[in-house]
Every structure is written in structure tokens, then in C-alpha cells.
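Descriptive analysis of the structure
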Amino acid sequence: MCISQGRKEFRRLKWDSDGGRPARRLMATTAMTICLASTVHWPSPALAQATASKASAARSFNVPAQPLADALNLFGRQSGLQVTLAASASRGVMSRAVVGTYAPEEALARMLAGTGIDYRIIGGRTAVIGAAGGGAAVTPADGSTSLDPISVFGDALGVGEIVIGEKELQQRNPANIADVFRGEPGIAVGSSLPMSQKVYVHGIEENNLAVTMDGGRQNNKVFHHNATNLIDPSLLKAVRVDAGIAPADAGPGALGGAIAYQTKDARDLLDGDGYGGFVSSNYNFNSKTFQTGLSAYGMQEGFEFLGYFNFAKGDEFKSGTGSIVEGTRTDLLSGLGKVAYEFESGDRFELSHERVYDDAPRPFRANTGFISGRPPWEPRVRDYTLDRQNTVFSYTDSTPEGWWDPTVVLAYSSTRLEIPIFPRPVAPSTVSVPYPGAGETGSFNGKVENKFSFDIGSITAGFDFYNDKAELEDPYDASTERARNVGIYAQARLDPWERTRLSFGVRGDQQWFTGTRNEKWDNAGFSGNVSGEYDLIEDLLIAKAGYSRVWAGVPLAENFIMNPNWNYGTGPEPVTADNYAFGLVAKHDGFTLEGSLFRTDIDDARTAKYAAARATENHDVRSKGFEVGAGYEWGDGYFKAKYANVDVSIDGKPADSDTGIYLAAPAGQFITLLAAHTFMDWGVTVGGDVEIALDNDDVAAGTPTLEGYKVFNTFVEYQPPSHSNLTLRAEIKNIFDETYSARATYGQEFGTVTPLYEPGRAFILSAKATF
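Our next topic: the overall build of the protein chain. Counting its regular elements, the protein chain contains 7 helices and 41 strands. Across the 771 residues that make up the protein chain, the buried fraction comes to 56%. As displayed, the protein chain offers around 30600 Å² of accessible surface, 58% of which is attributable to carbon and sulfur atoms.

Spatially, 3 strands are ordered β10-β11-β12 in an open sheet, and the strand pairing comes out antiparallel. Looking at strand neighbours, the two that pair on one side only are β10 (187-190) and β12 (204-205), the edges of this open sheet. Pairing of strand β11 (residues 198-201) with β12, which is carried by 2 bridges, proceeds in the antiparallel orientation. For V201, the partnering residue across the bridge sits in β12 and is I204.

Before going further, it helps to spend a moment on the environment of E354. Inspection of the secondary structure puts E354 in strand β21 (residues 347-363). Along the primary structure E354 and S413 are separated by 59 residues, whereas in three dimensions their C-alpha atoms are 9.4 Å apart. In contact with E354, not counting residues within four places along its chain, are M213, L235, G335, L336, R388, Q389 and N390. In this structure the side chain of E354 is engaged in a polar contact, spanning 2.3 Å, whose partner is the side chain of R388.

Attention shifts here to the nonpolar core. Nonpolar side chains in soluble globular proteins generally cluster together in the buried interior. Core analysis: the biggest nonpolar cluster contains 44 residues, and F181, V199, V239, I259 and Y261 have the highest contact counts within it. Residues L332, Y384, W521 and W566 belong to the second largest nonpolar core, which totals 34 residues.

Glancing now at the pairing of strand β32 (residues 591-606). Where a strand is regular, its side chains alternate between the two sheet faces. Where strand β31 (residues 576-588) and β32 come together, 13 bridges link them in antiparallel fashion. When the bridges of β32 are listed, T576 appears paired with D603. A loop of 2 residues connects β31 with β32, the two strands running antiparallel in sequence, and D589 in this loop sits at a positive phi of about 50°.

Between A427 and the following residue, P428, the backbone shows a cis peptide bond with an omega angle of 10°. In this structure, P428 sits in the loop between β24 (406-421) and β25 (435-454). For D604, which is not a glycine, the phi torsion comes out positive at approximately 60°. Mapped onto the fold, D604 is located in strand β32. Positive phi, close to 55°, is recorded for N734, a residue that is not glycine.

Among all positions of helix α5 (residues 104-112), only P104, A107, L108, M111 and L112 are buried. Summarising the axial view, the buried residues of α5 lie within an arc of 125°, below the 170-degree limit, and thus occupy one face.

For side chains of opposite charge, pairing can occur when their charged atoms come near one another. Taken as a whole and judged by the stated rule, the model has 43 salt bridges. When the shortest N-O distance is used, the salt bridge between E326 and R380 registers 3.6 Å. Note that E326 is positioned in the loop between β19 (303-313) and β20 (331-342) and R380 in the loop between β22 (368-371) and β23 (381-397), a separation of 54 residues in sequence. For R380, a relative accessible area of 42% corresponds to the partly exposed category. For D464, the salt bridge is made with R507, and the minimal N-O distance between the two is 2.8 Å. Taken together, the residues D464 in strand β26 (residues 457-473) and R507 in strand β28 (residues 500-514) connect sequence positions 43 residues apart. One salt-bridge network, held together by shared partners, links D214, K237, D265, D268 and K338.

What follows deals with a nonpolar patch on the surface. Together, F303, V339, Y341, F343, F349, L351, F393, L410, Y412 and F444 line one region of the surface with nonpolar side chains, adding up to about 860 Å² of accessible area. For the nonpolar patch, the secondary-structure elements that each account for two or more residues are β20, β21 and β24. Positionally, F349 belongs in strand β21. The exposure class of F349 is partly exposed, given its relative accessible area of 35%.

It is worth spelling out the environment of A665 at this point. With respect to the helices, strands and loops of the structure, A665 is situated in the loop between β35 (653-654) and β36 (668-679). When the C-alpha positions of A665 and G190 are compared, they lie 8.8 Å apart, and in sequence the two are 475 residues distant.

Moving on to the sheet that holds strand β9 (residues 161-164). Overall, mixed pairing links the 5 strands, which are arranged β9-β15-β16-β13-β14 in an open sheet. Whereas interior strands pair on both sides, the edge strands pair on one side only; in this sheet they are β9 and β14 (216-217). Pairing between strand β15 (residues 236-243) and strand β16 (residues 257-263): 7 bridges, direction antiparallel. Directly across from A243, in β16, lies its bridge partner G257.

Summing up the model confidence of the protein chain, the mean pLDDT is 85 and the portion of residues at 70 or higher is 85%. Of the regions scoring below 50 in pLDDT, residues 87-91 engages in 15 contacts with residues more than four places distant in sequence or in other chains.

Under the definition given, this model contains 25 aromatic pairs. With a centroid separation of 5.0 Å and an interplanar angle of 40°, the aromatic rings of F349 and Y395 are classed as tilted. In this pair, F349 is assigned in strand β21 and Y395 in strand β23, connecting sequence segments 46 residues apart. Look at Y395 and you get buried, because its relative accessible area is 18%. Aromatic pair F626 and Y643: ring centres 5.8 Å apart, planes at 45°, arrangement tilted. Placement of the pair is F626 in strand β33 (residues 618-634) and Y643 in strand β34 (residues 637-650), with a sequence separation of 17 residues. Take F626: its relative accessible area is 33%, and that puts it in the partly exposed class. Its relative accessible area of 19% is what places Y643 among the buried residues.

Looking now at the side chain of S741. Assignment of secondary structure puts S741 in the loop between β39 (726-733) and β40 (753-755). Judged by relative accessible area, which is 4%, S741 ranks as buried. Within polar-contact distance, the side chain of S741 engages the backbone oxygen of L756 at 3.1 Å. Look past the residues within four positions of S741 in its chain and what remains in contact with it is Y709, Q748, P755, L756, Y757 and E758.

The subject of this paragraph is the environment of Y412. Tracing the sequence through the fold places Y412 in strand β24. We classify Y412 as partly exposed; its relative accessible area is 39%. Considered as a pair, Y412 and S443 are 31 residues apart in the sequence and their alpha carbons are 5.5 Å apart. When sequence neighbours within four positions are dropped, the list of residues in contact with Y412 reads Q389, N390, T391, G442, S443 and F444.

Scoring rules and cut-offs
Each chain has its residues counted from 1, running along the sequence as written. Local features in a predicted model are, by the rule used here, given only for residues with pLDDT of at least 70; side-chain atom pairs are given and counted only at 80 or more, and totals for whole chains, interfaces and linings are based on all residues. Note: side-chain values were computed over all heavy atoms of the structure, leaving out hydrogens and water. Every helix listed is a DSSP run of H or I at least four residues long, and every strand listed is a run of E at least two residues long, numbered separately from the N terminus. A simple rule labels every residue: compare its accessible area, found with a 1.4 Å probe on the protein chains alone, to the largest value its type can have, and call it buried under 20%, exposed over 50%, or partly exposed in between. Areas reported as accessible are Shrake-Rupley estimates using a 1.4 Å probe. Residue values count occlusion only from the protein chains shown. Pairing between two strands requires that DSSP report at least two bridges joining them. Only heavy atoms enter the contact rule, under which two residues are in contact if any of them lie within 4.5 Å. Polar contacts, as used here, are pairs of N or O atoms within 3.5 Å; protein pairs need one atom able to donate a hydrogen and one able to accept it. Residues neighboring in sequence count only if both atoms are side-chain atoms. In this text, buried Ala, Val, Leu, Ile, Met, Phe, Trp, Tyr and Cys residues form a nonpolar core when linked through side-chain atoms within 4.5 Å. Directions pointing from the helix axis toward each C-beta atom define the arc. The salt bridge definition used is simple: a Lys or Arg side-chain nitrogen within 4 Å of an Asp or Glu carboxyl oxygen. Each patch is built from residues that are more than 30% exposed by relative accessible area and take part in no salt bridge. Like charges join if they lie within 9 Å; nonpolar side chains (Val, Leu, Ile, Met, Phe, Trp, Tyr) join within 5 Å. Think of pLDDT as the predictor's per-residue confidence, scored from 0 to 100. Side-chain rings of Phe, Tyr and Trp, where Trp is taken by its six-membered ring, are said to pair if the distance between their centres is within 6.5 Å; with planes under 30 degrees apart they count as stacked, over 60 as edge-to-face, and otherwise as tilted.

Have a look at this one:
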């Protein structure tokens, strides 16, 4: 169905594999439109009738009472309808809880009861919701529909896909990236320091995933002892993870899946034209850390702006033993700025810049407590200055019509690390004279694509590119590697038959790689994916399965091990991967039961070392296992329990954290529990979570068993009903003062390594005021 727009002033929030950017107009997509027009067959009247009956068929719903936008997002997924919501109706409105079996229209009516908001079902596939009496949905004589500003929900989740939305992030109140993924046993984060944390999905390190921030590619591999992507979670609006199988439009290099981070917009914080801001503060009694965030934002006649600044200062924290963990004090600055202008025609330009800066003494190897037996001239701590920046420019059109839904993005991301380097002393001296060293990676990248929508689904087609550079600034070993890539792709997402959803795509990539001696190689390859869902028992039991084959080219080496004299021989091998997944999901009256099997095989993963002959060293990585979960959601709360068993090997042997640098980490068995309940009349929410890591004896010969741990956290949050702009929160992390290192933290298998311990018990008080 083609919907024309009278005012052309509506906006659309998508959460697709590109990280959730609004639709974009680009005239260059005309050629793709013509090409696909000749291949697409319009549905028959019988199919249209089946589509209409889909909207009236009874389904099982479990939509708790919550902010309207969140409720409609969940309703869209459970009903199979595309949902459009007037922006003027979305702010400050709570939905009614809907639990049970209803026709989608009846469920929607129950959800909106008492809100004063109208709705209509159009063509059996689209639910249009707008303010009562506000003319949000008006039918002109030609039968098309004119809409006020809207948001769109309802895209189905794929195989292995995890979406952590704004509501979940607010409830978790993350202090670091590990808190973002709390409750997801298949996702591990190593290190207790934000500046050295790395994310592992099913044991696979994030450098082997396609990672984006607001659509901009992240290529931040600088030093294996610091974080790949230093992220301030207070900037985030949502995170999407494709574990294993990623769509073709997720970007190049998705060997083990994809992670898309999305930051906040002014439109997420305002109903319409106007201005606002907030102040937030928290204090951590363990490390005596004080953190403050300040934000101002506004919208006026098409112009939008948002500014956010966050700073944190604190001392070193104490582990569960009560001992100070050296090199862990907090000194963080971060900020986000966005400006945008949307013309009456719907053409929209947006520019955003995000920066995170960490500058403090850290352990000599920032992801490790201490290594005994190292040279005596190495100090216990040294200064690390880590600076990550991300700039994204986008051109969009807020008025997609049928086959006209383009996207254009240009981005530049960079990470720079400065540390003192301590060389071997020159005899007869036994004192090392340090000199400054710096590593910097940068990526200029972009994409142009169009989403062609029709009655049974959509096809997204386009091209992307990147120009990456890794440079080491060292007076003795200055080195540079470069890689350029151009890719073309198409991804179809279809509902071809009742109870069936398919997604399949293909991409081709051409890469040009330049080594440290300016030697050049070029390689090309294809990637493909297919996944599907089928309702074995409609609205009760769903089966999912998928497969992907990924060609990722040659990854750049990390900066601080690059050698200007590397011998690449006949050239480095391109990295490839195969991913498999199968799962079942059962839902009934608020209960959910799910299970999945997964496997990832990565071949020829490059792990270069400093020696001249080791520039092209590589390994084969295998990750396999299963996850199961169960949960129950009621109107004002939920309980979730999940279990993951992840087995990771490198070259056929159990993975260890040293061989697995930039590849994988030892995993094992994990259990997570999450629960929360909101007392709506009082404005009080209480909740907590538990993470249990079981002992892991699947380790290399002669390596001790990795010890398990149990961590309990709890919180209470109060939002006074009479002052809804104020939020107060108290939480306790690691209630029982467990002494442990997160399983993915470097070095726990080695007797000479004292790992970087996690904080012991921590009391945290937070307050946020919005105006």
C-alpha cells in the first residue's frame, strides 16, 4: 500500500541492522528502483485477502503497562502489524497492560483504553495511531493517508538477534559496557576498567563482528591491553546484537555477527517543538567516584540540537578482599553533540559528533592486574591516555513512499592511545628511560542504500565502503597498515506465506590491503545469509533457523605490535566464517520458553606478532554451544532466567586468553537472573539481577580450572508521582562482596598472572532531574 504524505513532517524510527537511522532520500537510488521493479511481482488478490485475515486472527499477547512507544514496539512484534504512532501522542502516555489471546485490533483497543488516542487498521497490515481529535489519520479522497509526525515499529527479530532498548538501559543504569549486557549469558565482557573492556559474543571477540555507532563503522584496534571500543553507556539509546548470523546490510566484516550502538536524539526527549535538558549525578561509595551528566536539547521549526557532557572522577576501587586494585581510579570525560535540520519537504540533514576521553594511571598492561617474572624496569602502573571519536553525517528523507526509502551515511571514527614505552636499559645502567609512543586507527566509511517495500516485505539494496588506517608513532618502529574496501549488497525480509518469515541476502566485497613496507594486495569475495521463522503452532511455538557464509578480507594488525620490517610472503589470507543457528520459542499468557543451538567457524583469522616473519600468522577459531531461557511478564514487572553453555577452541584446542588476543576468550557455562516490579501508584521500582559463572575445566593441558563466581545486584528507584521529572535511585552491586575476575578477563589461566579483579560491594546513589 502506498501512503502519500500531506504535511511531510513525520518522522520514522527504524531499528534495522543499520543501527536504527531514519529513512533517507537519495536520487542515486533511482537506478536500483528501476532494476528491482522489473523483478518484483505484486501480490494476488488472494494474498491480499490472506493479509487482511491476518489482522483479524487471534494472537497471544503479553504487553505490560509501560510508556506507549515501548508498548507499541512490543505490540508490533507480537501482532505482525506495522505500527505508526503520532509523535505528539507518544510522550508521557502509559499504555494499559494486555495479556491474553485477542485479535490484534481488540488488543490494540485494550492497550489504548483511557488514553484518549484513536487508531485505525489499514489494509490489514498497518495500524495508524494518533491523538484523538487531532486529525492524525485523515483519509483524503484518493484513499491515501496523511499523517502527523510518526514512529514506526514492528520489524521482526532475527535468528540470534538481541535488542536492548531505552527502557532496559534506563532500568540497568549502566556504569560501563559490561552493565549494558547484564542478563545476557551469551555475551561476556572482560576487564573491570571501562578503558580496557572488550565484548565477546558467544566467546568471539568484537573485532570479528561488524560494529557500528550511529551507523558509523568502528575500527579501533590499537593495543590488545586496552578497549577496542571505549563507550560511555550514558550516551546510548539502544543496542542491537546479531549473534552469529548478521544480515548483508549490517556491513562488512561480520564474521561472528554484528553490534549496532545507537545514541540519543532530541526527538527522543521532546514531544515536539520546544526546549529541555537534564542533570544527572551519582556517587559510588566503593571507589568514591562522583559522576555528573548535563544535557540541553531543543526542536524548533525543523531545527534540532542536542548537547550532552559527562564527567567522572574517583579513586581506585576495592575488590572483594577489601584490597585496593591498583590503577583503577576514574578520570573520564565524554560528550555528544547533534544538530539536524528537516525541511518541509522531509529532506533531513544531521551531523553528530561523539567523544570519550580516559586519562589516568593504569596497570602496566591495562587489562591485567600484574604479571610476575617480568623485567624489573617495568613499573606496576603507567599513564594511559585513550581518546575515541566518532563523527557521522547523514542525509535523510522523512517521507518514505513504497519503494522510496533511501539511506546515506558518511562517517569518520578514530581511536588514539598514548603511553610511555619502557625499553631495555642500556648497560651498565639498570634503569629504563621511557619515551612516548602513540597508536591511532581511523576509518572513513559510508553507505548508500534504499529499502524497497511492498506488501509481503522489503528488499534493502546498496553499497558501502571503508578506508581504514592503523599507524604506530614510535621513533624506532614507526609503521602503518591500510585497507580499503567497497561492497555491494542486497537483503530481503519477507512474509511470503502465513506463519512464515524469511530473510536472505548477499554481498560482494573488493578489498585493497597495504602492508608496512608499502606492499599491496587485493582480494575479493562473496558473503551470503539465509534465515527464517515458522509458526509451528500459531502464536504459541516458533521455530527459527539460519546460516551465513562471510568473507571479511584481511584485518589490520594492532598498532603496538606492527613492525616496519614485516615479511608478508605471498600476502595475508582473507578471513572467512560460517555461522549456523537453530532455535525454538514458545509463548503463552505472559510465559516465554526458548532455546537455541549455535556454531561459528572462523578460518584464517589473522593474529600478527612483532617478529618479522609473523606478519601473516593466523588461527582457526570455533565457537559452539546452546542457550536456554524462561521468563514471565506481568503488567508491572517481569522475571527472566537464562543459561548459556559456550565452548570455544582455537586450532582445535581449548581457547586461552593469550592465544585468543583479538580472536576469542574462554567461556563456559553462565546463568543469569533478572527481575523487576513497578508499583505504579507509588512510583517505585525494585529489581535485581544475578550472574553465575560455573567452574570451567575445559582448558588447555596443565592449565588450572577457571573458578566460578556468583554476583548479586539489586536496586530501588523512585519517581515521585507528583514530580515525574525527578528520579532517585539506590543500588548495591556485588552484594555479597565476591572476589572474582569476569570470565573474559585476560590471564586467569596462567599462574604468573594476577588478573584484574572486579569491584567488591559497592553502594551507589543516583539522581536525575529533567526540565
